[in-house]
Amino acid sequence: MKPFSLVVALVVAVSFPCPGAPPKTTTLSKPEEPAAAPVWKRLNAEVTTPLFIKQAAGINTLANVTLSATAIPLNGEVAKVIFTSDLGAGGNAVIASVTKLLKSVHHGWPAGHRVEIAFNPPVAPDDAPASALAIALILDSMIAGWEADPACSIVGGLRDDGKVFAATSALMRLTTATRSAASRIIMPEKNATEAADCMVNEGVAGTGRVQMFAVKDFDEVLRMAAATPDPDMTTAMETFAEVQKSLSQADSDPEALLKESDVLESLRSVLEKWQNHMSARLLLGHARGLYKTFSLPGSMEAVDRIAATLLKGISAARPYEIKGLPSDQIDAEVAKLRAAAPRLDPKARPYVEAVLRYGDAARTWNARPNHTAFELEDFMTTMSTEAGKARDRRGDVAALISAQK
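Residues numbered from 1 in each chain as written. Predicted model: local features only at pLDDT ≥ 70, side-chain atom pairs only at ≥ 80, totals over all residues. Heavy atoms only, no water.

Chemist: What is the right way to look at the overall build of the protein in this model?
Modeler: Within the protein, the secondary structure is distributed over 15 helices and nine strands. Among the 405 residues that make up the protein, the fraction classed as buried is 45%. For the protein, the accessible area works out to roughly 20200 Å², and carbon and sulfur atoms hold 55% of it. (Helix = DSSP H or I, 4+ residues; strand = E, 2+ residues; numbered from the N terminus. Buried < 20%, exposed > 50% of the residue type's maximum accessible area, 1.4 Å probe, protein only. Areas by Shrake-Rupley, 256 points an atom, 1.4 Å probe, with all protein chains shown as cover.)

What follows is the structure in structure tokens.
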């Protein structure tokens, strides 16, 4: 046997897959010999993913949705994947993209079963594309026969070439997943900025509540979403769990804990074992003075979330007509926005100050029951002026964000 062949033989002999985990081969590589037709090795699988869900009032909100797939035997029907509820053209596009990828991965499509995919609670059809990565993951687990962790929350988009791309509304999705009962979160590396914003939003203790992992492609997702992960990842998770325990103690000061040498060493050990561990990366960065304020896009998202009523008035054709804006809501939003201001990017401050001036003028007007004609005219001028300034400053921030891309 030639020396090179001997090395290959030894590597093959000692490389055993972790039980319950997907194979570590390159997912999109072409086989040297014709592969056998794939079959359904598992008949069901489940994960969670933060999606916008249907609301009776017509306003969609985010929730950590359970996504489950079941393979059902056919009687002469064509093997295909369907949703249990109609998700329109967007849903059909997701199924087409995912099946194209998995046909390439597994060199064909399993026959004899129809796969039904259900969302609990029901999702908004417009958000169907955000489920592609989670759908591909559970279908792959059923074809390849590995067990997906049903409590793992999957965030991110997926192309039909296997590349993971950034999630939309990522800060809100990551926050939703962090506050859920997820065992871990898998997210795109391209959403690292939003993950840092999530830390600013949730604080040190909130960031330590769940373990977050960053990925670049579909292969990495498969390795990190398994019920039984890679041994090194398992070790990293166990080490981080000790840090979590310290952060969750009622009498602990999370900020002070991050200054302790043993905690810092534990976090470094986590990254040495598994460099994709985003939570450990964020906590170490925070200990060095990073991630104290929102990014500029994150700041704008925070303002939109906090000051929805004020922004409705600012964007109105007549920003001085505030009778339809609840006064108690105005008061609450002004207070919340003023409290959040120190955590926002300094470049967003002029915009925030303009919004606050608009809100303060509305509060002053609402505080008095009667007004003279002169006061009404002055109020209309003030509100129109401050609303215009707020719109202009928002445009300035939008230009800065565009220039950063």
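Read on for the rest.
Chemist: So what exactly am I meant to see when it comes to the pattern of salt bridges here?
Modeler: A side chain with one charge may pair with a side chain of the opposite charge, provided their charged atoms come close. Under the counting rule described, the total for this entry stands at 20 salt bridges. Across the pair Arg394 and Asp304 runs a salt bridge, and its minimum N-O distance is 3.0 Å. Placement of Arg394 in helix α15 (residues 373–404) and of Asp304 in helix α11 (residues 296–306) is noted, with a sequence separation of 90 residues between them. On the basis of relative accessible area, Asp304 is assigned to the partly exposed category, the value being 31%. Several salt bridges share partner residues, and in doing so they unite Asp331, Arg338, Asp360 and Arg363 into one network. (Salt bridge = Lys/Arg side-chain N within 4 Å of Asp/Glu carboxyl O.)

Chemist: Explain the environment of Met383 to me, please; I cannot follow it from the model alone.
Modeler: Of note, Met383 is situated in helix α15. For Met383, a relative accessible area of 0% puts it in the buried group. Each C-alpha atom of the pair Met383 and Asp360 lies 9.9 Å from the other, and the pair is 23 residues apart in sequence. Once you skip the residues sitting within four places of it in the chain, Met383 turns out to touch Pro319, Tyr320, Ile322, Tyr358, Ala361 and Ala362. (Contact = heavy atoms within 4.5 Å.)

Chemist: Explain the packing of α11 against α15 to me, please; I cannot follow it from the model alone.
Modeler: Each packed pair of helices is defined by two parameters, the angle between the axes and the distance between the axes. It is the contact of α11 with α15, at a shortest axis distance of 10 Å, that shows an interaxial angle of 145°. Helix-helix and strand crossings are classified by hand; for α11 and α15 the assignment is left-handed. When α11 is examined against α15, the residues Leu296, Pro297, Met300 and Asp304 are found in contact with a partner set consisting of Arg394, Val397, Leu400, Ile401 and Gln404. The class makeup of the residues in the contact of α11 with α15 is six nonpolar, one polar and two charged. (Axes fitted to C-alpha atoms, helices over the stretch in contact; angles between N-to-C directions. Left-handed = near helix turned anticlockwise from the far one by under 90°. Nonpolar A, V, L, I, M, F, W, Y, C, P; charged D, E, K, R; others polar.)

Chemist: What's the story with the packing of aromatic side chains in this structure? I'm lost.
Modeler: Here the distance between the centres and the angle between the planes together describe a pair of aromatic rings. Inspection of the entire model under this criterion finds three aromatic pairs. Here the aromatic rings of Trp40 and Trp109 are separated by 5.6 Å at their centres, their planes lie at 85°, and the arrangement is edge-to-face. Here Trp40, found in the loop between α1 (3–14) and β1 (44–53), pairs with Trp109, found in the loop between α2 (88–106) and β4 (113–120); they are 69 residues apart in sequence, far enough to count as distant. The exposure class of Trp40 is buried, given its relative accessible area of 9%. Taking the centre distance of 4.2 Å and the plane angle of 15° together, the rings of Trp365 and Phe379 count as stacked. With Trp365 in helix α14 (residues 349–367) and Phe379 in helix α15, this pair connects stretches of sequence that are 14 residues apart. (Phe/Tyr/Trp six-rings, centres within 6.5 Å; stacked < 30°, edge-to-face > 60°.)

Chemist: Just checking my understanding: could you explain the packing of helix α9 (residues 261–273) against helix α10 (residues 278–287) for this structure?
Modeler: Closest axis-to-axis distance for the α9/α10 pair is 9 Å, and the angle between their directions is 140°. Judged by the angle between their axes, α9 and α10 are oblique. For the element pair α9 and α10, the recorded crossing hand is left-handed. Together, Leu264, Leu267, Arg268, Val270 and Leu271 of α9 and Ala280, Arg281, Leu283, Leu284 and Ala287 of α10 make up the contact between the two elements. Among the residues making up the contact of α9 with α10, the classes are represented as eight nonpolar, no polar and two charged. (Parallel < 35°, antiparallel > 145°, perpendicular 65-115°, else oblique.)

Chemist: Whenever I open this one, the nonpolar core confuses me. Can you help?
Modeler: The tendency in soluble globular proteins is for nonpolar side chains to be buried side by side. Core analysis: the largest hydrophobic core is formed by 120 residues, its most contacted members being Phe119, Leu137 and Leu139. Counting residues per element, this core draws most heavily on helix α3 (residues 132–144), which supplies ten residues. Residues contacting Phe119, with those up to four places away along its chain left out, are Leu51, Val65, Thr66, Leu67, Phe83, Leu87, Ser131 and Ile135. (Core = buried A, V, L, I, M, F, W, Y, C linked by side-chain atoms within 4.5 Å.)

Chemist: Please clarify how empty space enclosed by the protein should be interpreted in this entry.
Modeler: One simple way to see leftover space: roll a probe sized like a water molecule over the atoms. Per the counting criterion, the structure on display carries two cavities of 30 Å³ or more. Counted as a void, the second largest cavity has a volume near 40 Å³. What lines the second largest cavity is simply Thr178, Ala195, Cys198, Met199, Glu202, Gly206, Thr207, Val210, Met212 and Leu282. For the lining of the second largest cavity, the element with the highest residue contribution is helix α5 (residues 192–207), accounting for six residues. The class makeup of the residues in the lining of the second largest cavity is six nonpolar, three polar and one charged. (1 Å grid on protein atoms, 1.4 Å probe; cavity = no way out; pocket = protein on both sides within 12 Å on 5 of 7 lines; lining within 4 Å. Points joined across faces, edges and corners; volume = space filled by probe spheres on them.)

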